[in-house]
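Commentary on secondary and tertiary structure
For reference, the chains in residue letters:
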Amino acid sequence: MPINYKNLGLVTTKEMFKKAIKEKFAIPAYNFSNMEQLQAIIQGCVETDSPVILQVSSSAYKYASPILLRHMIIGALQIVKESGAKIPVVLHLDHGDSFELCKFCIDNGFSSVMIDGSFLSYEKNICLTKKVARYAHSKNVVVEGELGVLAGIKDNIKAEKKFYTQPEKVKDFILKTGVDSLAIAIGTSHGAYKIVGRATSDHTLRFDILKKIKKQLPNFPIVLHGASSILPKYINIINQFGGDIENAVGISESQLRKAIKNGVCKINIDSDIRLVMTAIIRKTLVENPKEFDPRKYLGPSREELIKIIKYKNKKIFGSARYGHKK
Ligand code: G3H
Ligand code: 13P
Ligand code: ZN
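In this report, the structure presented in the accompanying data block is examined.

Cut-offs applied
- Each chain carries its own residue numbering, running from 1 in the written order of its sequence.
- To label them, take the chains in the order written and letter them from A, then take the ligands in the order written and number them from 1.
- Totals for whole chains, interfaces and linings use all residues, but because this is a predicted model, local features are given only for residues with pLDDT of at least 70 and pairs of side-chain atoms are given and counted only at 80 or more.
- Just so you know, side-chain values use all the structure's heavy atoms and leave hydrogens and water out.
- What makes a residue near a molecule or strand is one non-hydrogen atom of that residue sitting within 4 Å of it.
- A 3.5 Å cut-off defines polar contacts: any pair of N or O atoms within that distance qualifies, except that in protein one atom must be a possible hydrogen donor and the other a possible acceptor, and neighbouring residues in sequence count only when both atoms are side-chain atoms.
- For every accessible area listed, the method is Shrake-Rupley and the probe measures 1.4 Å; residues are considered covered only by the protein chains on display.
- For helices the rule is a DSSP run of H or I covering at least 4 residues; for strands it is a run of E covering at least 2, with both sets numbered from the N terminus onward.
- Lys, Arg, Asp and Glu make up the charged group, whereas Ala, Val, Leu, Ile, Met, Phe, Trp, Tyr, Cys and Pro make up the nonpolar group; the residues left over, Gly among them, are polar.
- Axis lines are fitted through C-alpha atoms, for helices just across the contact stretch, and the angle between N-to-C directions can take any value from 0 to 180 degrees.
- Orientation categories follow fixed angle ranges, with anything under 35 degrees roughly parallel, anything over 145 roughly antiparallel, 65 to 115 roughly perpendicular, and all other angles oblique.
- Note: crossing handedness is left-handed where the near helix turns anticlockwise from the far helix by less than a right angle, and right-handed where it turns clockwise.
- The contact criterion used is simple: two residues touch if any of their non-hydrogen atoms lie within 4.5 Å.
- To count as a disulfide, a pair of cysteine sulfur atoms needs to be within 2.5 Å.
- Strands are labelled as partners when DSSP assigns at least two bridges between them.

1. Some points on the site of ligand 2
Inspection of the region around ligand 2 gives 15 residues, with Asp94, Lys194, Ser228, Asp270 and Ser271 positioned closest. A distance of 2.5 Å is found between an oxygen atom of ligand 2 and a side-chain nitrogen or oxygen belonging to aspartate 94. Computed on the free molecule, ligand 2 has an accessible area of 310 Å², of which 99% lies beneath the protein chains in the complex. Secondary structure elements with two or more residues in the shell around ligand 2: strand E3 (89-96) and strand E10 (264-269). Split into classes, the residues belonging to the shell around ligand 2 amount to 2 nonpolar, 9 polar and 4 charged.

This is the structure:
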């Protein structure tokens, strides 16, 4: 029996995107693959009264297992309810790579899916994205597509080069596929090494592309992937306590704020979550070599993650105090 997201207490991105576009803030989309990350994301969003898109990549879905993941989400929604917070929660498939996976997620309670056909030719991307959108819409689920390719190498996202989104193709892609939102490539990339050989302060996203897109489609939801800041504090802790993540650089906070000001309404964060957790786990274990209870190092990393989620919601995305917005 298919599971409908509404019965789980989830919502789609429709209303939150509308509000975000109107009031120029962004909805945070946080990736997770384990309990502590989910707890921290939920807690941070409850405490800041921020809507949240909980994202699962296909590899994270396999890692956590669909059944456990669904029950974790049910638990998370119960925690939100008991807290009294009135925050809308979306469950989103990040970088879905096939119609079958998107359909599986839609049939298993996701309220939003991304179909990433950005590695295909333009025509094949349209064809695949359209097929997913048609099925998703028949179940009232929303769809994010991608046009342009982001650089960065992750488990199942491999792109050596960056292909910026061509603004003149965007309207055509949206009309032909029926997507509800679009991820664009304007200079961000996945992972911890976003700007090879350049200082963060030098790095400028291609706001000219973003502006051209927004000029044609002022109210259409635009998504920014690869948007982690790769906070130096945590990179330093990792390197100080036995790690080796030299020269990692992310997207500066001012660039993110500028992207939001120019109309981006969903921002994806995964690497920052991983780095914060890894930093605190490394530090805790090195400082406490006799410790072998996972709660003793996962607990502090979860606490630190809550702080970062709150910081981002309040100071970068502007998604905090959602209930108090106009
Ligand atoms: O942008 C994609 C996510 O960071 C997913 O990464 O496939 O390693 O879970 P993953
Ligand atoms: P980061 O690697 O910058 O966190 O990007 C995450 C992302 O885009 C998930 O889809
Ligand atoms: Zn991504």
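Structure's up, so let's keep going.
2. Here's the deal with the packing of helix H3 (residues 35-48) against helix H5 (residues 66-83)
Relative to each other, H3 and H5 sit at 25 degrees, their axes nearing to 10 Å. With respect to H5, the element H3 is oriented roughly parallel. The handedness of the crossing between H3 and H5 is right-handed. Residue-level contacts link Met35, Leu38, Ile42 and Val46 of H3 to Met72, Ile73, Ala76, Ile79, Val80 and Ser83 of H5. In the contact of H3 with H5, the residues fall into 9 nonpolar, 1 polar and no charged.

3. Overview of the state of the cysteines
Within this structure, the stated rule accounts for 0 disulfides. Free of any disulfide, cysteine 105 has its nearest neighbouring cysteine sulfur in cysteine 102, separated by 6.8 Å.

4. Things to note about the sheet that holds E10
Sheet architecture is closed into a barrel: 8 strands sit in the order E1-E2-E3-E4-E5-E8-E9-E10, paired in parallel fashion. Across the sheet, the mean angle from the axis of one strand to that of its neighbour is 25 degrees, orientation sign disregarded. Pairing between strand E2 (residues 52-57) and E3: 6 bridges, direction parallel. What sits directly across from valine 56, in E3, is leucine 93. Its contacts with the sheet place helix H2 (residues 14-23) against strand E1 (27-31), E2, E3, strand E5 (142-147), strand E8 (181-184) and E10, and it is angled at close to 115 degrees to E10.

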